[in-house]
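# Architecture and fold: a report
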Amino acid sequence: MDTAQTAAYLRRIGVERPAAPTTAALRELHLAHLRSVPFENLSLHQGEEVDLTEQDLFAKIVERGRGGFCYELNGLFAALLAALGFEVTLLQARVYGDSGRPGIPYDHLALRVRTEDGGDWLADIGFGTHSHLPLDLTERGEQKDPGGTFSIAEAPGGDLDVLKDGKPQYVIDQRPRALEDFTAGAWYHRTSPKSHFTRSLVCTLVTGTGRVTLSGRKLTVTTSGEREVTELATDAEVLTAYETHFGISLEEVPQVAKPVRVGGR
């Protein structure tokens, strides 16, 4: 990511270029990203490709003002952090399902970020409702965060479990990965009828007082813990909600697409 692209990305999230890659700078960038760039899966239902290249992700998220899901958001955030001097490692993780078992390999992309003042952090701006601030990878006790109470625990084989309010969220493989390694995981979540991304529409953003989420026609605004749910009656209301709350301008309302089935299954 060159200097001009880095500057454009920082404008997108409303942050000045930090003087140094410190823990304080990482915290500011992490929270600003969550409040500026929505976690959304609209491309999957609009017939758009999900291309995991820095060029394509920059065009979508920065130039077009869109959001994305974990591979896109954390993939491009890693490039920004590296351009700002942080030491960044891409990590593959498997998300725990309702059965309590982890999902497929490369189910999720998270980031290990080391700062010049000695911090070793889990940065993740691509997991929907997750921590607002980076989590300390060296801490094994509870970590209080505006998004909940988190903890990181040792898991078999050198892996790490990430828990929110005592419930396992995902398990991290600590070996370094490259962005292209996640292509198969992104394809699975874009096409499989078993993926929750193909079964629903979601667009969500952290706000200064809570969170705003649009799922299909249901708009949920959470303010200081209080939820207000509105069923949007018309297409015009839905399109206005995308524009007003997320800065996303659409020509037509996204509809849940039928997943592609491979091999006649």
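In short, a report on the structure. The structure presented is a predicted model; accordingly, all values stated were derived computationally and were not measured. (Residues numbered from 1 in each chain as written. Predicted model: local features only at pLDDT ≥ 70, side-chain atom pairs only at ≥ 80, totals over all residues. Heavy atoms only, no water.)

### Focus: the sheet that holds strand 11 (residues 210–215)
- Pairing within the open sheet is antiparallel, and its five strands lie in the order 1-10-11-12-13. Two strands lie at the open edges of the sheet, namely strand 1 (39–40) and strand 13 (226–231), each paired on one side alone.
- Pairing of strand 1 with strand 10 (residues 203–206), which is carried by two bridges, proceeds in the antiparallel orientation. Along strand 10, the bridge assignment pairs F39 with T204. (Pairing = 2+ DSSP bridges. Helix = DSSP H or I, 4+ residues; strand = E, 2+ residues; numbered from the N terminus.)

### Describing unusual backbone geometry
- At Y106, a residue that is not glycine, the phi angle is positive and equals roughly 60°.
- Positionally, Y106 belongs in the loop between strand 2 (87–95) and strand 3 (108–114).
- Positive phi is not limited to glycine here, since S224 has a value of about 50°.
- In this fold, S224 is placed in the loop between strand 12 (218–223) and strand 13.

### A closer look at the environment of G65
- Within the secondary structure, G65 is located in the loop between helix 3 (54–63) and helix 4 (70–83).
- Considered as a pair, G65 and H245 are 180 residues apart in the sequence and their alpha carbons are 13 Å apart.
- Once residues within four sequence positions are removed from consideration, G65 is found in contact with R12, K60, G247 and I248. (Contact = heavy atoms within 4.5 Å.)

### Quick notes on the pattern of salt bridges
- A complete count under the given rule lists 13 salt bridges for this structure.
- The shortest N-O distance in the salt bridge between R114 and E87 comes to 3.6 Å. Pair noted here: R114 is in strand 3 and E87 is in strand 2, with a separation of 27 residues, a long-range link.
- Ionic pairing is found between K144 and E142, a salt bridge with its closest N-O pair at 3.8 Å. Judged on exposure class, the residue K144 and its partner E142 are both exposed.
- Salt bridges here are not isolated pairs; linked through shared partners, they connect E40, E48, R64 and R66. (Salt bridge = Lys/Arg side-chain N within 4 Å of Asp/Glu carboxyl O. Buried < 20%, exposed > 50% of the residue type's maximum accessible area, 1.4 Å probe, protein only.)

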